[in-house]
Amino acid sequence: MKLLENHIAVVTGAASGIGRAIAAGYAREGAQVALLDIDARAAEAAAQEIREAGGLAESFHLDVRRREDCVAVARRVAEQVGRVSILVNNAGINRRNAFAGDGAAVIKDWEDIIAINLDGVFNVTHAFLEPLRASQGRIVNIASIQSFVHVRTPNSPAYTTSKHGVLGFTRALAAELGKYGVRVNAIGPGLIETPLNAQARANNPDLVRIFMDHTPLGRPGKPEDIVGPAIFLASDLSSYVTGSIVMADGGYRAI
Ligand code: NAP
């Protein structure tokens, strides 16, 4: 018996990086997966890869910033795939401009990052609430080590704020939705090598050093490192876990 058989999972930002790995991992564990992403072509390529490996997957275009589109996509997923029992809020962006630096860049960072990383999590969760409640579902939010710390990761006030918000939202929903049997948890990845940070890693080796100096496992993570925690939180293995954050950060936050 696979761990996620008879589940339908929605993963946002599933065309790339962590979301793509989670979608593939869920399909390997028997879930039917709906891959949502702003990049429709890449989402379909990821879904195709899953189908070629024998899994069940469909892709849908979605910009998580657009609340009405989230409602519309929830309707399409219900019609074309079925009742969703797992939601992974993974879509996110990051930019690193100092708060005291270029005012225009700081304002744009704030608007874009909060719209996608925080409002987007609200929009998608609200749109899928009904099936999640009806199925006693599981919500997995992708938070960050920046849900807690800032001093070692300078120049990203908007991102840090958004990821604190994701953790707060996780706990608030866990408190409210527990009575319906819905579990809500978060994962806190450390530095994971994905397209999100490819430029920063290439242009700013000091940033990587700051992270690695505080990472007992001594290496950056890969998207696959997040898949196990994501399966755990979506499956019955975590039946008494809610309101938690599972750190998958090589030990960063432990020291
Ligand atoms: P990624 O490889 O860039 O993947 C993110 C995906 O989300 C991309 O396909 C992106 O599309 C999509 N996306 C962006 N804006 C969207 C929107 N408005 N609506 C729908 N989809 C959108 O990034 P990742 O590293 O896997 O990050 C996934 C999550 O993990 C994010 O929440 C991130 O904050 C979190 N995280 C990452 C790390 C890390 O080190 N990588 C660490 C901690 C937490 P485009 O590429 O077309 O923009």
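Attention here is on the structure that accompanies the text.

1. Focus: helix H1 (residues 17–28)
Next, step 1: The end-to-end C-alpha separation of H1 is 17 Å, in line with the 16 Å expected for 12 residues at 1.5 Å each.
Next, step 2: Across the 12 residues that make up H1, a large majority, 9, are buried.
Next, step 3: The complete set of buried residues in H1 reads Gly17, Ile18, Gly19, Ala21, Ile22, Ala23, Gly25, Tyr26 and Ala27.
Next, step 4: The positive-phi residue at the C-terminal boundary of H1 is glycine 30, with phi of around 100°.

2. Describing the packing of helix H3 (residues 67–80) against helix H4 (residues 103–127)
Next, step 1: H4 packs onto H3 with a crossing angle of 35° between their chain directions and a minimal axis gap of 8 Å. With respect to the hand of their crossing, H3 and H4 are arranged in right-handed fashion. Touching Arg67, Cys70, Val71 and Ala74 of H3 are Phe122, Asn123, Val124 and Ala127, all from H4.
Next, step 2: Each residue belonging to the contact of H3 with H4 can be placed in one class, and the counts come to 6 nonpolar, 1 polar and 1 charged.

3. A look at the site of the ligand
Next, step 1: Close to the ligand lie 30 residues; Ser16, Asp37, Asn90, Tyr159 and Thr194 are nearest.
Next, step 2: Between the ligand and tyrosine 159, the relevant distance is 2.6 Å, taken from an oxygen atom to a side-chain nitrogen or oxygen of the residue.
Next, step 3: Within the side chain of threonine 194, one N or O atom sits 2.5 Å away from an oxygen atom of the ligand.
Next, step 4: Protein contact buries 87% of the 880 Å² of open area that the ligand shows by itself.
Next, step 5: If you list the elements that add at least two residues to the shell around the ligand, you get H1 and helix H6 (157–177).
Next, step 6: Across the shell around the ligand, the residue classes break down as 16 nonpolar, 9 polar and 5 charged.

4. Comments concerning the packing of aromatic side chains
Next, step 1: One pass over the full model with this rule turns up 2 aromatic pairs.
Next, step 2: With centroids separated by 5.7 Å and ring planes inclined at 40°, the aromatic side chains of phenylalanine 211 and tyrosine 252 adopt a geometry described as tilted. Of the two residues, phenylalanine 211 sits in helix H8 (residues 205–212) while tyrosine 252 sits in the segment after strand S7 (245–248), which places them 41 residues apart along the sequence.
Next, step 3: By relative accessible area, which is 1% here, tyrosine 252 ends up buried.
Next, step 4: The ring of tyrosine 180 carries arginine 133 above its face, with NZ or CZ at 4.8 Å from the centroid.

5. Focus: H6
Next, step 1: The end-to-end C-alpha separation of H6 is 30 Å, in line with the 30 Å expected for 21 residues at 1.5 Å each.
Next, step 2: All of the buried residues in H6 are Ala158, Tyr159, Thr160, Ser162, Lys163, Val166, Leu167, Phe169, Thr170, Leu173, Ala174 and Leu177.

6. What to know about the pairing of strand S2 (residues 32–37)
Next, step 1: Among the 6 residues in S2, 5 count as buried, and that is most of the element.
Next, step 2: A crossover links strand S1 (residues 8–12) with its parallel partner S2, the connecting element being H1, and its sense is right-handed.
Next, step 3: Pairing of S2 with strand S3 (residues 56–61) involves 6 bridges; the strand directions are parallel. Across the sheet, residue leucine 36 finds its bridge partner in S3, namely phenylalanine 60.
Next, step 4: What joins S2 to S3 is helix H2 (residues 40–52), and the crossover it makes is right-handed.

Thresholds, definitions, all that
Residues numbered from 1 in each chain as written. Predicted model: local features only at pLDDT ≥ 70, side-chain atom pairs only at ≥ 80, totals over all residues. Heavy atoms only, no water. Helix = DSSP H or I, 4+ residues; strand = E, 2+ residues; numbered from the N terminus. Expected span 1.5 Å × (residues − 1). Buried < 20%, exposed > 50% of the residue type's maximum accessible area, 1.4 Å probe, protein only. Axes fitted to C-alpha atoms, helices over the stretch in contact; angles between N-to-C directions. Left-handed = near helix turned anticlockwise from the far one by under 90°. Contact = heavy atoms within 4.5 Å. Nonpolar A, V, L, I, M, F, W, Y, C, P; charged D, E, K, R; others polar. Near = heavy atom within 4 Å. Polar contact = N/O pair within 3.5 Å; in protein donor to acceptor, adjacent residues only side chain to side chain. Areas by Shrake-Rupley, 256 points an atom, 1.4 Å probe, with all protein chains shown as cover. Phe/Tyr/Trp six-rings, centres within 6.5 Å; stacked < 30°, edge-to-face > 60°. Lys NZ or Arg CZ within 6 Å of the ring centre and 35° of its normal. Right-handed = clockwise from strand over helix to strand, strands pointing away. Pairing = 2+ DSSP bridges.

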